[in-house]
Amino acid sequence: MPRPADSGRADTVDVAARLADIRRRIDAAAAQYDRDPDAVHLVAISKTKPAAMVAAALDAGQHDFGENYLQDALGKIQALAERDIAWHFVGDIQSNKTRDIAAHFDWAHAVDRFKIARRLSDQRPEGAAPLNVCIQVNIDAEASKSGLAPEDVAELADQMAELPGVRLRGLMAIPAVRDDFEAQRRPFAALRALRDDLNANGHTLDVLSMGMSADMEAAIAEGATHVRIGTAIFGPRDR
């Protein structure tokens, strides 16, 4: 059962102003690197934040929201059921979460096993559009992070192409932290090249889910289509 959505207070953080600042950063980076700003989608990571703050972002024109914690997310989805929202599950996916993710989300960004992809497909409600999914790639081979090694992505992509309840849209990565801008660009460039290789071999992937507050500009420079921003919009996480 979902936890009751905390009505919360949205007036301690100026969500609209913070959103406007992030959008200015997106527009500036897109202009600098010859990207169409409308091709860079902002996913506001609302994990740990109450439904009231999501509503404040909605009122400021935000449409896409990302959640890591399923039980918290289900409460917000229920509380905001009458609003026009695209919900993205961006956390690790265990088998016991797939039914609710398949039923209540529009996107899953962190699929890295065929077992999970198959469960999401099988459990997608009849009549619903296929669930948009991204394969998570461990682009820096970090032991602490989930995701497939780049050389293993093609096999999973081929397997997922046969599943009717999901639609493979692209790749997602969370690179290691780097302070130098050119160093930040390198793993994003590698993810883009991997996506292009998959497309050259018959796939039609149109999404690169990459870039957060500290490296968003580098991700946009390398072709990010979805940037995932949380603290810069909503403030520090609540827990």
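Located above this text is the structure these notes cover.
Computed from a predicted structure; not experimentally measured.

## Some words on a negative patch on the surface
Together, Glu 151, Asp 152, Glu 155, Asp 158 and Glu 162 make up a region of like negative charge exposed at the surface. Tracing the sequence through the fold places Glu 151 in the loop between strand E5 (131-136) and helix H6 (153-160).

## Quick word on the environment of Ala 141
Mapped onto the elements, Ala 141 comes out in the loop between E5 and H6. The sequence separation of Ala 141 and Ala 117 amounts to 24 residues, and the corresponding C-alpha distance is 22 Å.

## With respect to the pattern of salt bridges
Across all of its chains, the model carries eleven salt bridges by this definition. Between Asp 21 and Arg 24 there is a salt bridge whose closest N-O contact spans 3.8 Å. Here Asp 21 pairs with Arg 24, and both are found in helix H1 (residues 15-32), just three residues apart, close to one helical turn. Given the relative accessible area of 36%, Asp 21 is considered partly exposed. Across the pair Glu 142 and Lys 145 runs a salt bridge whose closest N-O atoms are separated by 2.8 Å. Linked through salt bridges whose partners overlap, the residues forming this network are Arg 185, Arg 192 and Glu 222.

## Quick look at helix H3 (residues 70-79)
Across the ten residues of H3, seven count as buried, placing the element largely inside the fold. Looking at the buried positions of H3, the neighbouring elements they touch are helix H2 (51-59), strand E2 (64-67), strand E3 (86-89) and helix H4 (98-104).

## Quick word on the pairing of strand E4 (residues 107-111)
For E4, the tally of buried residues reaches five of five residues, placing the bulk of the element in the interior. Two strands pair when backbone bridges link them, and E3 and E4 are joined in this way by two bridges, in the parallel orientation. When the sheet's bridge partners are listed, Phe 89 is paired in E4 with Ala 108. Traced from E3 through H4 to E4, the parallel crossover comes out right-handed. Here E4 pairs with E5 via three bridges, running parallel. Looking at the pairing, Ala 108 lines up with Val 133 of E5.

## Considering the pairing of strand E6 (residues 166-172)
Burial within E6 is extensive, with six of its seven residues counted as buried. The sheet contact formed by E5 and E6 spans six bridges and is parallel. Residue pairing in the sheet places Leu 131 in a bridge with Val 166 of E6. Alignment of E6 against strand E7 (residues 207-209), held across three bridges, turns out to be parallel. Paired with Gly 170 across the two strands is Val 207, which belongs to E7. Following the backbone out of E6, through helix H7 (residues 181-200) and into the adjacent parallel E7, one traces a crossover that is right-handed.

Thresholds applied
Residues numbered from 1 in each chain as written. Predicted model: local features only at pLDDT ≥ 70, side-chain atom pairs only at ≥ 80, totals over all residues. Heavy atoms only, no water. Patch = residues over 30% accessible without salt bridge, like charges linked within 9 Å, V, L, I, M, F, W, Y side chains within 5 Å. Areas by Shrake-Rupley, 256 points an atom, 1.4 Å probe, with all protein chains shown as cover. Salt bridge = Lys/Arg side-chain N within 4 Å of Asp/Glu carboxyl O. Lys, Arg positive; Asp, Glu negative; His and termini not counted. Charge placed at Lys NZ, Arg CZ, Asp CG, Glu CD. Helix = DSSP H or I, 4+ residues; strand = E, 2+ residues; numbered from the N terminus. Buried < 20%, exposed > 50% of the residue type's maximum accessible area, 1.4 Å probe, protein only. Contact = heavy atoms within 4.5 Å. Pairing = 2+ DSSP bridges. Right-handed = clockwise from strand over helix to strand, strands pointing away.

In short, the description is geometric, and any link to function would need to be established separately.
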